[in-house]
Amino acid sequence: MNMNQSHLKQTPAAQRQLAVRSAGRSRGGINRLVSPGDIGQLIKPFVFLDLFQLGANGSNMGMHPHSGIATVTVVLDGAIAYTETTGSEGVLPSGGVEWMSAGGGVWHDGGAVPGQPVTGFQLWLALPEEDENGPAQSQYLSPQQVQSHGPARVIIGNYGDASSLIRPRAPINYLHVTLADGEQWTYTPPAGHGVAWVSVASGALQTAGTVVKREVAVFEEGEGAIDFVAQGRTEFVLGSAPKHPHELVTGYYSVHTNAQALARGEKEIDRIGAQLRAAKLM
């Protein structure tokens, strides 16, 4: 994945500049914008981001494991069918939100409902040390359960007078924002949120002296406000948080804070996988 350093013209002191931007890498309807080995190192706890567009033929991800992370799925259009070894299964409609904390190990599957193409973002969050080998758990929000403040839907965290029903231990804001053509919006991160980034699904954002289109853009670390102006109707997600204090120790589907925690997670993944194979569920 390309990570092009942006050397931009000077802007007012309150305006944060861009540090990195990337259009990602596309494969099979999935545009991988962030991975733990590249931009995820810069914006941790946000360590992985996909913008997906899955076809109406019911295409899915296949049953696969995770440990040490939480997955957060925001459905922009269409619907996702999901199942997981926590016992949860169902359909997540447009505007719905999935939070699945893999903890010490979980397997899950998800994909387009047959006959309905689906578009959305899937984000991975590195879990804090206290939770990375804890019990797996999940939470699903209907569109009506997601609170809004102005143009921003609060997926995780707090913004204005809106709060998310999803309450992870770490202080994180994750917003889904839609702006009309020419609409101006300023995001002021909470104190301590030195990491901030934005990813555009449609339209374009004028910010920090440049225009961000269908890509991810990472702002320089700091706590200053970020100004946006939409070019056309623009839909995007934005994340901010204090920087995750640990190194990212990665397995194939796992991210942990140290090698011992990774080994425990991979052992639990293997145990659950053996059960699924014995039951002929994969």
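Residues numbered from 1 in each chain as written. Predicted model: local features only at pLDDT ≥ 70, side-chain atom pairs only at ≥ 80, totals over all residues. Heavy atoms only, no water.

(A) Fine view of the overall build of the protein chain. Scanning the protein chain from N- to C-terminus turns up 2 helices and 25 strands. Taken over the C-alpha trace, the protein chain has a radius of gyration of 18 Å; the compact-globule value for 282 residues is 19 Å, and the two agree within 12%. Taken along the three principal axes of its C-alpha coordinates, the protein chain extends 60 × 45 × 35 Å. A total of 282 residues make up the protein chain; the buried ones form 52% of that total. Within the protein chain, contacts between residues at least 6 apart in sequence are counted, and of these 70% link residues at least 24 apart. Total accessible area on the protein chain is roughly 12,100 Å²; 49% of this is exposed by carbon and sulfur atoms. Side-chain charges in the protein chain split into 19 positive and 24 negative, and the spacing between the mean points of these groups amounts to 5 Å. (Helix = DSSP H or I, 4+ residues; strand = E, 2+ residues; numbered from the N terminus. Rg over C-alpha atoms; globule rule 2.2 N^0.38 Å. Buried < 20%, exposed > 50% of the residue type's maximum accessible area, 1.4 Å probe, protein only. Contact = heavy atoms within 4.5 Å. Areas by Shrake-Rupley, 256 points an atom, 1.4 Å probe, with all protein chains shown as cover. Lys, Arg positive; Asp, Glu negative; His and termini not counted. Charge placed at Lys NZ, Arg CZ, Asp CG, Glu CD.)

(B) Local environment of the sheet that holds strand β10 (residues 97–101). The strand order across the open sheet formed by 7 strands is β3-β4-β5-β12-β7-β10-β13, and the pairing between neighbours is antiparallel. Single-partner strands in this sheet number two, and they are β3 (25–27) and β13 (137–141). Here the average twist between neighbouring strands, direction ignored, is 15°. In this sheet, strand β4 (residues 30–34) lies alongside β3 in antiparallel orientation, the contact comprising 3 bridges. Looking across to β4, one finds that S26 is bridged to N31. (Pairing = 2+ DSSP bridges. Axes fitted to C-alpha atoms, helices over the stretch in contact; angles between N-to-C directions.)

(C) Fine view of the pattern of salt bridges. Summed over all chains, the structure comprises 6 salt bridges. The salt bridge involving E215 is made with R21; its shortest N-O contact spans 2.9 Å. Taken together, the residues span a long stretch of sequence, with E215 in the loop between β21 (210–212) and β22 (216–219) and R21 in strand β2 (residues 18–22) at a distance of 194 residues. Overall, E215 belongs to the buried group, its relative accessible area being 11%. Accessibility expressed as a relative area gives 15% for R21, which makes it buried. As a salt-bridge pair, K243 and E221 come within 2.9 Å of each other at their nearest N and O atoms. Here the residue K243 occupies a position in the loop between β23 (226–241) and β24 (249–250), and E221 occupies one in the loop between β22 and β23, the gap between them amounting to 22 residues. Classification of K243 by relative accessible area gives partly exposed; the value is 34%. Look at E221 and you get exposed, because its relative accessible area is 53%. (Salt bridge = Lys/Arg side-chain N within 4 Å of Asp/Glu carboxyl O.)

(D) Structural detail: the side chain of S67. Note that S67 resides in the loop between β6 (64–66) and β7 (69–77). Ignoring any residue separated from it by four or fewer positions in sequence, one finds S67 in contact with A102, G103, G104, G105, Y253, S254, V255, H256, G265, E266 and I269.

(E) Representation of the pairing of β4. Counted residue by residue, β4 has 4 buried out of 5 residues, so it is predominantly covered. Of the strand pairs in this sheet, β4 and strand β5 (residues 46–54) are connected by 4 bridges, and their pairing is antiparallel. Considered in β5, the bridge of R32 is made with D50.

(F) Inspection of the environment of A79 at higher detail. As for its placement among the helices and strands, A79 is situated in strand β8 (residues 79–84). The exposure class of A79 is buried, given its relative accessible area of 6%. Measuring from C-alpha to C-alpha, the distance between A79 and L276 comes to 26 Å, with 197 residues separating the pair along the chain. In this view, A79 contacts V91, L92, P93, G111, A112, V113, Q116, P117 and V118; residues no more than four positions away in its chain are not counted.

(G) Region of interest: helix α2 (residues 259–278). Between its first and last C-alpha, α2 extends 29 Å over 20 residues, near the 28 Å set by a 1.5 Å rise per residue. Those residues of α2 that are buried lie in contact with β6, β11 (106–112), β24 and β25 (255–256). Capping the start of α2 is the job of one residue whose side-chain oxygen sits 3.1 Å from the backbone nitrogen of Q260: N258. In the stretch just after α2, K280 is the one whose phi turns positive, near 60°. (Expected span 1.5 Å × (residues − 1). Polar contact = N/O pair within 3.5 Å; in protein donor to acceptor, adjacent residues only side chain to side chain.)

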